[in-house]
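# Close look at the chain arrangement
Each chain, letter by letter, is given below.
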Amino acid sequence: MAHMRRKRFPVTGFATLTTTLMAVTAFGAPGSPRTTATSVDSVTTFSALDGSASDQDGASNGVLSLLSLDLHDGGTILIDVPIAEFDVAENLTLRGHSAIRVPYDTPPEFGPHLTIRCGGQVSIRSTAKLYANGASAGGRLIVCGEKGIDVRGDARVSADGVGPDARDDGDANDRVTPFETSGGDVWMQSPGSVRIRESARI
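Structural notes, computed from the coordinates. Since this is a predicted model, take the numbers as computed values, not measurements.

Cut-offs and rules
Residues numbered from 1 in each chain as written. Predicted model: local features only at pLDDT ≥ 70, side-chain atom pairs only at ≥ 80, totals over all residues. Heavy atoms only, no water. Helix = DSSP H or I, 4+ residues; strand = E, 2+ residues; numbered from the N terminus. Buried < 20%, exposed > 50% of the residue type's maximum accessible area, 1.4 Å probe, protein only. Areas by Shrake-Rupley, 256 points an atom, 1.4 Å probe, with all protein chains shown as cover. Pairing = 2+ DSSP bridges. Axes fitted to C-alpha atoms, helices over the stretch in contact; angles between N-to-C directions. Salt bridge = Lys/Arg side-chain N within 4 Å of Asp/Glu carboxyl O.

## A closer look at the overall build of the protein
For the protein, the helix and strand inventory stands at one helix and 20 strands. Taking all 202 residues of the protein together, the buried fraction comes to 51%. Summed over its atoms, the accessible surface of the protein is roughly 8,800 Å², and 51% of this surface lies on carbon and sulfur atoms.

## What about the sheet that holds strand S16 (residues 149–151)?
Spatial strand order, S4-S7-S10-S13-S16-S20: six strands in an open sheet with parallel pairing. The strands lining the two open edges of the sheet, one partner per strand, are strand S4 (37–40) and strand S20 (194–196). Recorded for the sheet is a direction-independent mean angle of 5 degrees between the axes of neighbouring strands.

## Remarks on the sheet that holds strand S14 (residues 129–131)
Strand order across the open sheet formed by five strands is S5-S8-S11-S14-S17, with parallel pairing between neighbours. Every interior strand has two partners, whereas the edge strands, strand S5 (43–45) and strand S17 (156–158), have only one. Ignoring which end each strand starts from, the neighbouring axes of this sheet average 15 degrees apart.

## Side note on the pairing of strand S9 (residues 83–88)
Pairing geometry for strand S6 (residues 63–66) and S9, over four bridges, is parallel. Across the sheet, Val63 pairs through a bridge with Glu85, a residue of S9. Two elements, S9 and strand S12 (residues 113–118), share six bridges in a ladder whose sense is parallel. Bridging across to S12, Ile83 finds its partner in His113.

## A few points about the pattern of salt bridges
Inspection of every chain in the model, using the stated rule, returns eight salt bridges. Residue Asp185 is joined to Arg140 by a salt bridge in which the shortest nitrogen-to-oxygen separation is 2.7 Å. Of the two residues, Asp185 sits in strand S19 (residues 185–190) while Arg140 sits in strand S15 (residues 140–145), which places them 45 residues apart along the sequence. On the basis of relative accessible area, Arg140 is assigned to the partly exposed category, the value being 33%.

The following block contains the structure:
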């Protein structure tokens, strides 16, 4: 059973990775069965999906319950609530230029608490992004994959304090002046393996 934790502490200008911990931890898989797979190939918000026809629990309660979730190239779920949970019975895949993230141009002051529980495998591939970033402080990102977690290609996973421009795309607006930010937590847990490979970064 693998458990990876990335802990970031307050710094000036950038949040810096300071601790990596590997340990054994308990893991609970999602519960009730689902019947419909969900694919996303455009931009939507978490609150639009929560309680929608795609949500198997049928309630707008901060928990998005799905059979499986596949974000194709360009598919993006914007986290527009402070606390968001994905409860996925089978596999969750982010491929191509897809993302689960906060809005780039208007990131929240404090990053969200974002939890992903997956009964299958979590795969984050290519240039996909999984972000729980905030302008002043990163949030908490917890990813649990019953059959493993695989982050590869040029994928990015973070819960950083990123300043007023959360895009981090290399343009002139990225971190152009010093500011004080606090990093958040990234936890990855699996009874199987947690693999970070190729040029992927946590």
